[in-house]
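Survey of secondary and tertiary structure
What follows is each chain in one-letter form.
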Amino acid sequence: MSVSQSEKATKFRKLHEGPGTFLIPNPWDGGTARMLTALGFEALATTSAGLAFSLGRRDGEGLVTREEVLAHIREIVGASDLPVSADLENGFGDAPEKAAETIRLGAAAGLVGGSIEDATGDERRPIYDHGHAVERVKAAVEAARTLPFPFTLTARAENFLHGRTDLDDTMRRLQAFAEAGADVVYAPGLPNLEAIRSVCAAVAPRPVNALVGAAGRSVAELAQAGVRRISTGSALHRAAMGGFWTAAKEMKEKGTFGFLEKAVPFPELSSFMAGR
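Residues numbered from 1 in each chain as written. Predicted model: local features only at pLDDT ≥ 70, side-chain atom pairs only at ≥ 80, totals over all residues. Heavy atoms only, no water.

**Some thoughts on the overall build of the chain**
On a plain count of helices and strands, the chain comes out with 11 helices and 8 strands. Compactness check: the chain gives a C-alpha radius of gyration of 19 Å against a globular reference of 19 Å for 276 residues, within 12% of the reference. Reported as C-alpha extents along the three principal axes, the dimensions of the chain are approximately 55 × 45 × 35 Å. The burial tally for the chain puts 47% of its 276 residues in the buried class. Expressed as a percentage of contacts within the chain between residues at least 6 apart in sequence, the contacts between residues at least 24 apart total 67%. Only carbon and sulfur atoms are counted for the fraction: they give 55% of the accessible area of the chain, which is about 13600 Å². (Helix = DSSP H or I, 4+ residues; strand = E, 2+ residues; numbered from the N terminus. Rg over C-alpha atoms; globule rule 2.2 N^0.38 Å. Buried < 20%, exposed > 50% of the residue type's maximum accessible area, 1.4 Å probe, protein only. Contact = heavy atoms within 4.5 Å. Areas by Shrake-Rupley, 256 points an atom, 1.4 Å probe, with all protein chains shown as cover.)

**Considering unusual backbone geometry**
With an omega of 15°, the peptide bond between Gly18 and Pro19 qualifies as cis. For the peptide bond that leads from Ala204 to Pro205, omega is 10°, which places it in the cis range. Here Pro205 shows up in the loop between helix 8 (193-203) and strand 7 (208-211). The residue Glu89 is not glycine, and still its phi comes out positive at about 50°. Position of Glu89 relative to the elements: it lies in the loop between strand 3 (84-87) and helix 5 (96-108). One non-glycine residue, Phe92, lies in the positive phi region at around 65°. Examined against the element boundaries, Phe92 turns out to sit in the loop between strand 3 and helix 5.

Take a look at the structure:
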């Protein structure tokens, strides 16, 4: 029996209420969504970078359209009964109304959560002014609240991904986003655990998402810092591409196939996939 969107939304919201910290991995297609579901993860999230790279495009330059992202969301949602949240970038437009519209369209595609960021997509002015960024979050929150289920809205402060290493400004933005009604806040690219700990303290008791990486080497470290949700971003996609690149280079440079020793056996991989 399939799980309703409302049931998924309720489950996803409860994950953020604790008491523990949970992992939300980021598949980039239906196959990886099915594999992560089989492993027992509790929820999934999309990755804008994973999608862009799989299409042969760069991430963060507006090269993937909203229509392509929505089709991708439908693919991930259709491959799993788990709750799915999505990286909705800046909502595919500068105006608050665009952010709100993207939330509604994402929900219609099957999402029970999604993020809106304060990055403009224009490196000449990479981050929206504080007031405008808050208005965009408010509009997204208002759109989420009109839905017939508890859509979990994440607001992202992108300073550290664009060379603006101002932790105080980042925390002010996250506090304002929380006050505007965001259910979760997230500042990707924070440099260390101390910065993550400071963010968690600044917005408590609002749940904080953190990205796997150098700032935290384990679930235990990030949980101790106060993080409630841990996402992988493009990490799993890059790990898979690392295996692909190593195998391809071995064939081209050495003429050998040693990579097959580490390959997932065909029957095992096939067992995760949908049949007739």
